[in-house]
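The primary structure of each chain is shown beneath.
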Amino acid sequence: MKNSTQNSIRNLSVAILVIGGLTLIYTYVQMISQLWLNNFITPMTWNPDIKGWQIFILAGRFVGVTLLYVLCCIFLYRINQGLKNGEIFPESNIPIIRWTALVAALLAFVHSNYDAVVKGESVFMLDSNTILIPLIVLLFSGLYKMAYLAAKDSKLAI
């Protein structure tokens, strides 16, 4: 692969990691502010009847955002290492994309319930994004696997 293409992918990877890191930090600051500082626009209202649900949603948001960023880092690292070794689509990224679909389902579910939990409301919401986003990510996982197999066949043919 051409050096300019590898440099472009490396630069794009760095940009994605920086923007993702800033988003991760913003999410952490927002949650800390809502939970402990009470100076956020909507401070956390604890409801004793649904406290376990509130903790689950808050922990789900924290863990989900962190896992999504870690999976993104692993994916981009493997892409860049594969390009250095002449492998366009590393096979080891296929399970990473599938795990990302699971994390995306968790985050979509948490996102649909987060505002109600912060306000202390006893509401359970399930929207179409909870199912649609993971399905789209799984579709990309299948496309990535097909691209990996095509690249593998292309190497064998040469």
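A quick note: this is a predicted structure, and the numbers were derived from the prediction, not measured.

Draft legend 1. Layout of the nonpolar core. One finds Met-31, Met-44, Ile-57, Leu-58, Phe-109, Val-110, Tyr-114, Val-117 and Val-118 forming the largest nonpolar core, which totals 9 residues. Those elements that place two or more of their residues in this core are α2 (51-84) and α3 (93-119). Looking at this core, the element that brings in the most residues is α3, giving 5 residues. Apart from the residues lying within four places of it in its own chain, the contact partners of Val-110 are Ile-57, Gly-60 and Arg-61. Ranked by size, the runner-up nonpolar core spans 8 residues in total, among them Ile-79, Leu-83, Ala-101 and Tyr-148.

Draft legend 2. Expanded view of helix α1 (residues 3-37). Helix length check: α1, at 35 residues, gives a terminal C-alpha distance of 49 Å against a target of 51 Å (1.5 Å per residue), a fit within 8%. For α1, every residue scored as buried is listed here: Gln-6, Ser-13, Gly-21, Leu-24, Thr-27, Gln-30, Met-31, Ser-33 and Gln-34. Tucked inside the fold, the buried residues of α1 contact α2 and α3.

Draft legend 3. Structural view of the packing of aromatic side chains. A complete count under the given rule lists 7 aromatic pairs for this structure. On the basis of an interplanar angle of 80° and a centroid distance of 5.9 Å, the ring pair of Trp-53 and Phe-109 is categorised as edge-to-face. Here Phe-109 lies in helix α3 and Trp-53 lies in helix α2, a separation of 56 residues in the sequence. A centroid spacing of 5.5 Å and a plane angle of 55° characterise the contact between Phe-109 and Phe-124, whose relative ring orientation is tilted. Of this pair, Phe-109 sits in helix α3 while Phe-124 sits in the loop between α3 and α4 (129-157); the two residues are 15 residues apart in sequence, bridging distant segments of the chain. Take Phe-109: its relative accessible area is 14%, and that puts it in the buried class. One aromatic cluster is present, formed by Trp-53, Phe-56, Phe-109 and Phe-124 through successive ring pairs.

Draft legend 4. Looking closely at the side chain of Thr-100. Within the secondary structure, Thr-100 is located in helix α3. Exposure remark for Thr-100: the relative accessible area of 19% places this residue in the buried category. When residues no more than four places from it in sequence are discounted, the contact partners of Thr-100 are Leu-68, Leu-71 and Val-137.

Cut-offs and rules
Residues numbered from 1 in each chain as written. Predicted model: local features only at pLDDT ≥ 70, side-chain atom pairs only at ≥ 80, totals over all residues. Heavy atoms only, no water. Core = buried A, V, L, I, M, F, W, Y, C linked by side-chain atoms within 4.5 Å. Buried < 20%, exposed > 50% of the residue type's maximum accessible area, 1.4 Å probe, protein only. Helix = DSSP H or I, 4+ residues; strand = E, 2+ residues; numbered from the N terminus. Contact = heavy atoms within 4.5 Å. Expected span 1.5 Å × (residues − 1). Phe/Tyr/Trp six-rings, centres within 6.5 Å; stacked < 30°, edge-to-face > 60°.

Limitation: the analysis is restricted to geometry and does not speak to function.
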